[in-house]
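# Examining the three-dimensional arrangement
One-letter residues, chain by chain:
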Amino acid sequence: MLALALLLAAAAPDWQLIPGSFERGRGPDGNTVLLDAPDGLVVVDTGRHQAHQDAILAAARARGKPVAAIVNTHWHLDHTGGNAALRAAFPGIPIYASNAVDGALTGFFPRSRAGAEQFIASGKAKPEQVAEIRRDMAAMDDLADLRPSRVVARTGTMTIAGRRLDVHLERYAATAGDVWLYDPQARLAIAGDLVVGLAPFMDTACPEGWRTALGHIAAAPFKALVPGHGAVMSRADFDSWRKAFDALLDCAAGSVGRQACIEGWMKDAAPFIPAADKDRVPGMIGYYIDTRLRAAPDEKARYCPGGPG
Ligand SMILES: [Zn+2]
């Protein structure tokens, strides 16, 4: 009987990954995780594009359960852009997230909006890029679906839709407030963008705070980890990704050339970089070295405690 129960448990895991896309010339969709809960489904991150939102709703239908709650690991629009569609389908469901989006409303969003308006005004934006920008702007304006209705203010155990989860809050990491989950029952960590296979997305990062947060994730006894983008990782995968992350920060803090740091990442993180992405990752890492890791002191500290935000 026990063997049968284990077999059934293996056949029907109580969580499901909906992989995020990352097509060229478009913004990415973050990974989504559906967790079965007594009151319905907990949806961790909601993607950006219509196709991803449709995939979440189709998966919920296939599991035969209503969506009962949303958790946003962070406010980036590739993780929150589907909130409105899910709440249209399931009115009134709560959004659990940190309050870090409030800082973005006066900092990152107005800056990125100004840059996008300039790009459109230049006439260089392709029609599909304009459509993508307009969709992101609409998501920024929809505060009711962007801001948390249940603020995650500290690390602790929470019962979400009837399922007990260890909810962790990391201050000043990939954003000013990153939430990651550990589910002791499934021994599953859901890391959000604290772990991103092909490259750490440092657009709003405090790199040293991020390094600290990875130490907290390492302390959880997970067997599987879902990153913000990319394939599910084992414990060994996470350990080697974390080494690559630390090595990138150490390299950028040292005196060797920028190209050597890029090549170091390409080598250390090779198992996590899909073949189709190998040509575009060096540019991403170089961009983060220039705009964050080796930027002028004010810019480097922009998203760290006391930074200009
Ligand atoms: Zn992301």
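Treat the numbers as computed from the prediction; the structure is a model and nothing was measured. (Residues numbered from 1 in each chain as written. Predicted model: local features only at pLDDT ≥ 70, side-chain atom pairs only at ≥ 80, totals over all residues. Heavy atoms only, no water.)

### Things to note about the nonpolar core
Val195, Met202, Trp210, Ile217, Leu225 and Trp265 are the most contacted members of the largest nonpolar core, which has 44 residues in total. Of all elements in the fold, only β9 (177-183), β10 (188-196), α9 (207-218), α10 (235-253), α11 (258-268) and α12 (281-293) reach the threshold of two or more residues within this core. Ranked by residues supplied to this core, first place goes to α10 with eight residues. Residues contacting Trp210, with those up to four places away along its chain left out, are Tyr172, Ala173, Ala174, Asp193, Leu194, Pro200, Phe201, Met202, Ala205 and Phe245. (Core = buried A, V, L, I, M, F, W, Y, C linked by side-chain atoms within 4.5 Å. Buried < 20%, exposed > 50% of the residue type's maximum accessible area, 1.4 Å probe, protein only. Helix = DSSP H or I, 4+ residues; strand = E, 2+ residues; numbered from the N terminus. Contact = heavy atoms within 4.5 Å.)

### Observations concerning the packing of aromatic side chains
Tallied over the entire structure, the rule returns nine aromatic pairs. The interplanar angle of 80° and the centroid separation of 5.2 Å between the aromatic rings of Trp75 and Phe109 together place this pair among those described as edge-to-face. Linking Trp75 in the loop between β4 (67-71) and α3 (77-80) with Phe109 in helix α6 (residues 108-121), this pair joins segments that are 34 residues apart in sequence. For Trp75, a relative accessible area of 8% gives the class buried. Taking the relative accessible area as the measure of exposure, Phe109 reaches 4% and is therefore buried. With 5.6 Å between their ring centres and 85° between their planes, Phe222 and Phe238 make a pair best called edge-to-face. Of the two residues, Phe222 is situated in the loop between α9 and β11 (224-229) and Phe238 in helix α10; the sequence distance between them amounts to 16 residues. Each member of the aromatic cluster is reached from another via a ring pair, and the members are Trp210, Trp241, Phe245 and Trp265. (Phe/Tyr/Trp six-rings, centres within 6.5 Å; stacked < 30°, edge-to-face > 60°.)

### Topic: the coordination of the zinc ion
In the first shell of the zinc ion, the protein supplies Asp78 (OD), His79 (NE2), Asp193 (OD) and His229 (NE2), at 2.0 to 2.3 Å from the metal. In primary-sequence terms, the residues that donate to the zinc ion follow D-H-x113-D-x35-H. Separated by 36 residues along the polypeptide, Asp193 in strand β10 and His229 in strand β11 bring together distant segments of the chain. (Donors = N, O, S within 2.8 Å, 3.2 Å for Na, K, Ca; no water.)

### Concerning the sheet that holds strand β5 (residues 95-97)
The strand order β1-β2-β3-β4-β5-β6 describes an open sheet built from six strands, whose pairing is mixed. Where the open sheet ends on each side, the last strands, each with one partner, are β1 (15-18) and β6 (150-151). For β1 and strand β2 (residues 32-37), the ladder comprises four bridges, and the chain directions are antiparallel. Residue pairing across strands places Gln16 opposite Leu34, the latter belonging to β2. (Pairing = 2+ DSSP bridges.)

### Brief notes about the UniProt feature "domain: Metallo-beta-lactamase" (unreviewed entry) in the protein
Feature annotation in UniProt places "domain: Metallo-beta-lactamase" (unreviewed entry) on residues 29-229, given in this structure's numbering. Each end of residues 29-229 is marked by a C-alpha atom, and these two atoms are 8 Å apart; helix forms 38% of the span and strand 28%. (UniProt positions renumbered as here; feature names shortened; annotations may be inferred.)

### A closer look at the layout of surface pockets
Rolled over the atoms, a probe with the dimensions of a water molecule shows which regions are left empty. Computed from the structure, the largest pocket encloses a volume of approximately 1,000 Å³. Lining the largest pocket are 36 residues, with Gly27, Arg48, Phe108, Asp136 and Asp203 positioned closest to its centre. Where the lining of the largest pocket is concerned, the elements lending two or more residues are α3, α6, α7 (127-141) and α12. When its volume is computed, the second largest pocket comes out at roughly 280 Å³. (1 Å grid on protein atoms, 1.4 Å probe; cavity = no way out; pocket = protein on both sides within 12 Å on 5 of 7 lines; lining within 4 Å. Points joined across faces, edges and corners; volume = space filled by probe spheres on them.)

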